[in-house]
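If you want the building blocks of each chain, they are given just below.
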Amino acid sequence: MIIRLILIVIAVLLGLVVVNWFWQFLKSAERGNRPSNAAPRSGEPMVQDPQCRTYLPKSAALTAEIAGRTHYFCGRSCAEKYREQAAVSGRS
Ligand SMILES: [Zn+2]
């Protein structure tokens, strides 16, 4: 009975080693194909904050609809400033 348990443990450990090896192989293959850039996640679209001109990933951006168009901002303060400027320029 105890031998069977030990065999199961060894099988599980071997499985983990194989999975780990395979994972490392996939990672190194991925690294080899892609040029090293600072993108946080692969394939994530980058958007530009029109207020401070910062580029940031879409998922991290704050969205605000101003004058019927969706804009992306790095933070609330930028969104507020941009909204004020849009209101001023829209009136003139
Ligand atoms: Zn900003």
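These remarks concern the structure in this document. This structure is a prediction, so every number in the text was calculated from the model and none was measured.

In this section: the nonpolar core. A general trend in soluble globular proteins is that nonpolar side chains are found buried together. One finds V47, A61, Y72, F73, C78 and A79 forming the largest nonpolar core, which totals 6 residues. Those elements that place two or more of their residues in this core are β4 (69-73) and α2 (76-91). Not counting the four nearest positions on each side in its chain, Y72 is found in contact with V47, D49, K58, A61 and T63.

With that settled, the discussion passes to the pairing of strand β3 (residues 62-66). With 5 bridges joining them, β3 and β4 adopt antiparallel strand pairing. Looking at the pairing, I66 lines up with R69 of β4.

Tracing the backbone through its elements, the reader meets V47 in strand β1 (residues 46-48). You can call V47 buried: it has 20 C-beta atoms within 10 Å. Separated by 14 residues in the primary sequence, V47 and A61 have C-alpha atoms spaced 7.7 Å apart. Contacts of V47, omitting those with residues within four sequence positions, involve L56, K58, A61 and Y72.

Parameters and conventions
Residues numbered from 1 in each chain as written. Predicted model: local features only at pLDDT ≥ 70, side-chain atom pairs only at ≥ 80, totals over all residues. Core = buried A, V, L, I, M, F, W, Y, C linked by C-beta atoms within 7 Å. Buried ≥ 20, exposed ≤ 12 C-beta atoms within 10 Å, placed from the backbone. Helix = DSSP H or I, 4+ residues; strand = E, 2+ residues; numbered from the N terminus. Contact = placed C-beta atoms within 7 Å. Pairing = 2+ DSSP bridges.

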